[in-house]
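# Topology and contacts: notes
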Amino acid sequence: MELVQKTIDFFLRRKWLGILLVASLALGVGISTFYRGAISPKQRTDLTVFLIAGEMVAEGRADHIYGIENIRHWHYVYPPILAILLAPISQWPLGVNVALAYLLSLACLAGTIMLSLRFKENAKPKPWQIVLAMLFCLPLLLNTLTRGQLGTISLFFAAWIFYAYFEQKKIMAGVLLALAVTLKISPLAFLAFFFLMKREWKILISAAAGFVFFFFVFPSFVIGFETNFALLKTWVELMSFSQTSAAPQHYLWGELFTPFTDDNQSIYATVTRLAWGSQEAFIRYPNHFIKMMTSAIGFILLALPFLKTKKDDIARAKDPLRSLTEFSLFLMIMLFASPVTQIHHYTVAYFLFLAALMTAEKCERRSWSRRSLWISMWLCAFCFIVGKIFWQAGEWGLPLWGSMLLWGVVLLNLPGKSAEDPLKQP
């Protein structure tokens, strides 16, 4: 492991070489992204779905955003606010929007790194740890960058929320959480339970107010209350329909609802694939037991961080590294528990890797805790790579199992409590 650290430090000391490598990678990925999204007739990017919905809003046809589809027959399935925010640029040339989306994603990655460097106390990672955590997540980052997805934006919001929490900017943290979740129901939604465990009532109240504003007030001001309410009702129905027995007959089945795609890395989807073997068999004999079982697993995973924290410690001091670690654990739970979790959603595993790296460094050199953390990190990274390259590995759920292994090891090695909590200073 020291060799890995020394190699990364070598490039960090020679900044020109590190900048050259990063710039070359960014340029190469950018060319591929631009070709796939703006030049290729297949338009292999999710961005066109967002832009078509935005175009409907710009043309005064917002009530049709959930019925439209792009050239690849993909449909808009996000809350109305994303389409509203994209309306002003929806009719710009596609090439311009693809380039802007890519630059925004790069800016979010840079922002995540900068914010990580500004975490305080012993929650502040070292530069080599940030680089290695990013490298561990590289297959996921490349996937979300080249397909115009929102994974890097969710990652940036997570870093910003934790930074605001650390800086005692609680209202900001709550509003940012609400905005991130409203733009896209994402892994960040379960951070509400993190702040509940911390008893951060001001953050939770601010988040609740933010949800009211971003879901109802702002969209209603732009497109009208009745239209917004009808769209939200349709959106909720779409999301809930995925769990009904009639889901295979829905137009979103093959695009979003089906568990029989290797890109879906939730517990429910993976167990369903392993148990049934084929989509046809599942449609004939749907197994509600798997739904109940995976839902129960989700509740257990959600309860474990609470159980790991003793009752007399809930309102008391937490070591800053412990707070970062708990934050990373809650970021992952929705990925495991949701019935639909595409692999690009796993970009937030960056924080889990970061917490594991920082915890491992504080362990004794030859301790089992240190070894288990490093082994689980390498296994998780390996599963991400193999799961993206080989579809069979994705069908078996390797990215999911690798992530759950790392999550469990990090939970078991949750850093101890300090006597005084710098986050609770008056």
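Everything quoted here is computed from the prediction, not taken from an experiment.

Of the regular secondary structure elements, the protein chain holds 21 helices and zero strands. On C-alpha atoms alone, the protein chain measures out to a radius of gyration of 22 Å, which is about the 22 Å that the 2.2 N^0.38 rule sets for 426 residues. Dimensions of the protein chain, computed from the C-alpha atoms along their principal axes, are close to 60 × 50 × 50 Å. The burial tally for the protein chain puts 53% of its 426 residues in the buried class.

Before going further, it helps to spend a moment on the packing of aromatic side chains. Tallying each qualifying case throughout the model produces 33 aromatic pairs. With a centroid separation of 6.4 Å and 55° between ring planes, the pair formed by Phe156 and Phe157 is classed as tilted. Overall, the relative accessible area of 8% leaves Phe157 in the buried class. Pairing Phe162 with Phe166 gives two aromatic rings, centres 5.1 Å apart and planes at 45°, and the pair type is tilted. One end of the pair is Phe162 and the other is Phe166, both in helix α8 (residues 151-166) and four residues apart, which spans about a single turn. Like Phe166, Phe162 is buried.

Below, the discussion takes up the pattern of salt bridges. A complete count under the given rule lists seven salt bridges for this structure. Across the pair Lys120 and Glu167 runs a salt bridge, and its minimum N-O distance is 3.2 Å. On the criterion of sequence distance, the pair formed by Lys120 in the loop between α5 (94-117) and α6 (127-136) and Glu167 in the loop between α8 and α9 (170-183) is long-range, its members being 47 residues apart. In this structure Lys120 comes out as partly exposed when scored by relative accessible area, which is 41%. With relative accessibility at 22%, the residue Glu167 sits in the partly exposed group. Among the ionic contacts, a cluster of salt bridges with common partners joins Lys198, Arg322 and Glu326.

Between two packed helices, both the angle of their axes relative to each other and the distance between the axes serve to describe the pair. Close contact between helix α18 (residues 349-362) and helix α21 (residues 398-412) brings their axes to 10 Å; oriented N to C, the two are set at 40°. In terms of their interaxial angle, α18 and α21 are classed as oblique. Relative to α21, the crossing made by α18 is left-handed. Each of Leu352, Phe353 and Ala356 in α18 lies in contact with α21, whose residues at this interface are Ser403, Leu406, Trp407 and Val410. A class-by-class count of the residues in the contact of α18 with α21 yields six nonpolar, one polar and no charged.

On to the environment of Lys202. With respect to the helices and strands, the residue Lys202 is situated in helix α11 (residues 201-223). Remark: the alpha-carbon pair of Lys202 and Lys169, spanning 33 residues in sequence, is separated by 9.8 Å. Excluding residues that lie within four positions of it along the chain, Lys202 makes contacts with Lys170 and Ile171.

With that settled, the discussion passes to the confidence of the model for the protein chain. For the protein chain, the mean per-residue pLDDT works out to 88, and 95% of the residues sit at or above 70. In this model residues 418-426 is a low-confidence stretch, pLDDT under 50, and it forms 18 contacts with partners more than four residues away in sequence or in other chains.

We now examine empty space enclosed by the protein. Here the structure, examined in full by the defined rule, presents two cavities of 30 Å³ or more. By volume, the largest cavity amounts to about 90 Å³. As for the largest cavity, its lining consists of 13 residues, of which Thr244, Pro248, Trp253, Phe282 and Lys291 are closest to the centre. Contributing elements (two or more residues each) for the lining of the largest cavity: α13 (253-257) and α15 (279-284). Residue composition of the lining of the largest cavity, by class: nine nonpolar, three polar and one charged. When its volume is computed, the second largest cavity comes out at roughly 50 Å³. If you trace the second largest cavity, you find it lined by Thr33, Gly37, Thr45, Leu47, Val98, Ala101, Tyr102, Leu145, Thr146, Arg147 and Gly148. Within the residue set of the lining of the second largest cavity, elements represented by two or more residues are α2 (15-39), α5 and α7 (138-146). The residue inventory of the lining of the second largest cavity, partitioned by class, reads five nonpolar, five polar and one charged.

Criteria and cut-off values
- Residues numbered from 1 in each chain as written.
- Predicted model: local features only at pLDDT ≥ 70, side-chain atom pairs only at ≥ 80, totals over all residues.
- Heavy atoms only, no water.
- Helix = DSSP H or I, 4+ residues; strand = E, 2+ residues; numbered from the N terminus.
- Rg over C-alpha atoms; globule rule 2.2 N^0.38 Å.
- Buried < 20%, exposed > 50% of the residue type's maximum accessible area, 1.4 Å probe, protein only.
- Phe/Tyr/Trp six-rings, centres within 6.5 Å; stacked < 30°, edge-to-face > 60°.
- Salt bridge = Lys/Arg side-chain N within 4 Å of Asp/Glu carboxyl O.
- Axes fitted to C-alpha atoms, helices over the stretch in contact; angles between N-to-C directions.
- Parallel < 35°, antiparallel > 145°, perpendicular 65-115°, else oblique.
- Left-handed = near helix turned anticlockwise from the far one by under 90°.
- Contact = heavy atoms within 4.5 Å.
- Nonpolar A, V, L, I, M, F, W, Y, C, P; charged D, E, K, R; others polar.
- pLDDT = per-residue confidence, 0-100.
- 1 Å grid on protein atoms, 1.4 Å probe; cavity = no way out; pocket = protein on both sides within 12 Å on 5 of 7 lines; lining within 4 Å.
- Points joined across faces, edges and corners; volume = space filled by probe spheres on them.

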